[in-house]
Amino acid sequence: MADTVDTRKNLDKRTARTRYADIFKGAIAELRDSYTQHGRHQEAKRSKTSHRIDVYARVRPLLPHEVARGEYTTISCIDEQTMVVHDCMMHADMIHKYIETHAHTFTKVFNEDVPTEAVYSSVAKPLVDHAIAGGESVCMMYGQTGSGKTHTMLGFLKNIAADVFDEGGSAIIFKAVELVGSKCVDLLHERTKVLICEDDKGEIELVHSASKIAASADDLFELFTEATNNRTTEATQVNAVSSRSHLICFLQIESVEGSNGQLVLLDLAGSERKEDQVTTDRARHQETIETNMAHLALKQCLLAMSQDPPSHIPYRNSALTRILKNHLWSTTKQSRAAVVVTASPIPTDTEHTLTSLIHARAMVEAAPAVSKTIKEIVEGELNTTPLFKTWSAAQIQAWLPSLKKGALAKYAINIKPAYDGAAVLRFPPARFRMLCGGNAEHGKWFSDAVKALVAEEKKLDAERRARNMAMKRK
Ligand SMILES: Nc1ncnc2c1ncn2[C@@H]1O[C@H](COP(=O)(O)OP(=O)(O)OP(=O)(O)O)[C@@H](O)[C@H]1O
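How each quantity is defined
Residues numbered from 1 in each chain as written. Predicted model: local features only at pLDDT ≥ 70, side-chain atom pairs only at ≥ 80, totals over all residues. Heavy atoms only, no water. UniProt positions renumbered as here; feature names shortened; annotations may be inferred. Helix = DSSP H or I, 4+ residues; strand = E, 2+ residues; numbered from the N terminus. Buried < 20%, exposed > 50% of the residue type's maximum accessible area, 1.4 Å probe, protein only. Salt bridge = Lys/Arg side-chain N within 4 Å of Asp/Glu carboxyl O. Pairing = 2+ DSSP bridges. Axes fitted to C-alpha atoms, helices over the stretch in contact; angles between N-to-C directions. Contact = heavy atoms within 4.5 Å. Left-handed = near helix turned anticlockwise from the far one by under 90°. Nonpolar A, V, L, I, M, F, W, Y, C, P; charged D, E, K, R; others polar. Disulfide = S-S within 2.5 Å.

**Student:** Outline the UniProt feature "binding site: ATP" (unreviewed entry) in the chain, supporting the account with residue identities and numerical values.
**Tutor:** UniProt's entry tags Gly 143, Gln 144, Thr 145, Gly 146, Ser 147, Gly 148, Lys 149 and Thr 150 with the feature "binding site: ATP" (unreviewed entry), counted in the numbering of this structure. With respect to the helices and strands, the residue Gly 146 is situated in the loop between β6 (136-143) and α6 (149-166). With relative accessibility at 16%, the residue Gly 146 sits in the buried group. Checked against the element boundaries, Gly 148 lands in the loop between β6 and α6. Residue classification places Gly 148 among the buried positions, given a relative accessible area of 16%.

Written as structure tokens, this is what we have:
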């Protein structure tokens, strides 16, 4: 029998999150507002960041195709160190909804507005300086497929090149290999098979891999592009061009003073679930298993390294950790490392985002604590009407004719695409007059109407909060 009561339909989590997008978005906006008002998530515990490896988290912006299919942002960075994920859920009755908010602490978090240059300055610049001074540095990108690992790494590379050549580097000796399971190939030399060998002193050598010299930022960028173009990719349901391999780039920095430190950039394969793969053949499943085993081995080694004093590092457990041995656990040079976990903000990816964040923290904390809070959604109490500050220019154009019996309709044409709600709120009276063709009276009507609307929004918000508080007390 057809199900006629739509609200009781059994929906999977992801469909429910999209179907009730407005309700969840409204509730997330309220949660964010309350964090801003209270400074931070009440339950979130600030990590002591005493580990030897820094772990950073970056959330990427929504992509145009995600906006088009009704996705929204379910991640908030509520202070410098805390990233919260809003898991939008339905109760078993398939009517009532709630949000479980998970708070994770990192060395530093970056929201979707933070440009790559700023992320680079916090995360990679200290590693680059360490390598320029002759040390060993490793920067690792970890996260779900399509969450922005390669994007971030590419941005880092552009900045690294500029810094190295500005700060006395005379050349970068560049090498790039790809690792799928235990199979290693050279990405700059026709995918020649590379052997990972260990000498009697325990030093790892990549036999049959060769380097190329970059004498300028452009050279380095070209070499990196060549390497990424030769990388194994495949389409997954979450990323049209998904990296199915680990990409390891070695940048040996030759300084004029003669020191030669090294920076290793590691773009880890996306650790997507089996169901994300378009191809479901056994070879691909085997690759996924091997990818996950390499992630596990890396986690075990980094965790061992983070102990004070460091415990035995089981680097022989995977090809990946063997390759990293000289760099992360160098016996001759000082090592520094950072992990960047990238997160996709969309509700469809919530489960995987939560897994990535916890795994990234588990690289340096034996048992990472996650604080969770639950917000029950009372639909009548939610404000699902967008606030003026979030309006687009088109929404303002559509609103003008409703003011002063249509007297302001003719000025809609003066609202340029950049004049969205946030911009209009900052306009001085003279700007409103200009928008109304120099008519001072109409300019004042327009400005007063904006003020009245915002005042009404604030009043409604205060009333709603008071009602919510009263309900909670009951
Ligand atoms: N911070 C960002 N700002 C703008 N766009 C971004 C950002 N991060 C990622 N993107 C875009 O998101 C898409 C997926 O990013 P990217 O390919 O870097 O993901 P990935 O994690 O490397 O995926 P995979 O593991 O499948 O290779 C790309 O189109 C990229 O340009």
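**Student:** Describe the pattern of salt bridges, listing the residues and the values that go with them.
**Tutor:** Working definition: two side chains of opposite charge can pair if their charged atoms are close together. Going through the model one piece at a time under the given rule, you end up with 14 salt bridges. Note that Lys 444 and Asp 448 form a salt bridge whose closest N and O atoms lie 2.8 Å from each other. Residue Lys 444 and its partner Asp 448 are located together in helix α14 (residues 440-473), separated by four residues, close to a single helical turn. Salt bridges linked by common partners bring Lys 13, Arg 17, Asp 87 and Glu 351 together as one network.

**Student:** Go over the sheet that holds strand β17 (residues 371-377) with me, naming the residues and quoting the values.
**Tutor:** Spatial strand order, β2-β3-β4-β17: four strands in an open sheet with antiparallel pairing. At either end of the open sheet lies a strand with only one pairing partner, and these are β2 (75-77) and β17. For this sheet, the mean angle separating the axes of adjacent strands, direction not counted, is 25°. Bridge count between strand β4 (residues 97-105) and β17: seven bridges; the pairing is antiparallel. By the bridge assignment for β17, Tyr 98 is matched with Glu 376. Running over the sheet, helix α10 (residues 350-362) touches β2, β3 (82-90) and β4 and is turned about 145° from β3.

**Student:** Tell me about the packing of helix α5 (residues 125-132) against α6, and please be specific about residues and values.
**Tutor:** Put simply, α5 and α6 touch, their axes get as near as 11 Å, and they point 40° apart. Judged by the twist between their axes, the crossing of α5 over α6 is right-handed. Between α5 and α6, the contacting residues are Lys 125, Val 128 and Ile 132 on the first element and Ile 160, Asp 163 and Val 164 on the second. Each residue belonging to the contact of α5 with α6 can be placed in one class, and the counts come to four nonpolar, no polar and two charged.

**Student:** An account of the state of the cysteines is needed here, citing residue identities and associated values.
**Tutor:** One pass over the full model with this rule turns up zero disulfides. Of all cysteine sulfurs, the one in Cys 249 lies closest to Cys 139, which takes part in no disulfide; the gap is 11 Å. Lacking any disulfide linkage, Cys 184 is separated from the closest cysteine sulfur, that of Cys 197, by 11 Å. The exposure class of Cys 184 is buried, given its relative accessible area of 1%.

**Student:** An account of unusual backbone geometry is needed here, citing residue identities and associated values.
**Tutor:** Of note in the backbone geometry, His 208 takes a positive phi value of approximately 80° without being a glycine. Following the sequence through the fold, His 208 ends up in the loop between β10 (204-207) and β11 (212-214). Although it is not a glycine, Lys 404 adopts a positive phi angle of roughly 45°. A relative accessible area of 46% means that Lys 404 is categorised as partly exposed.

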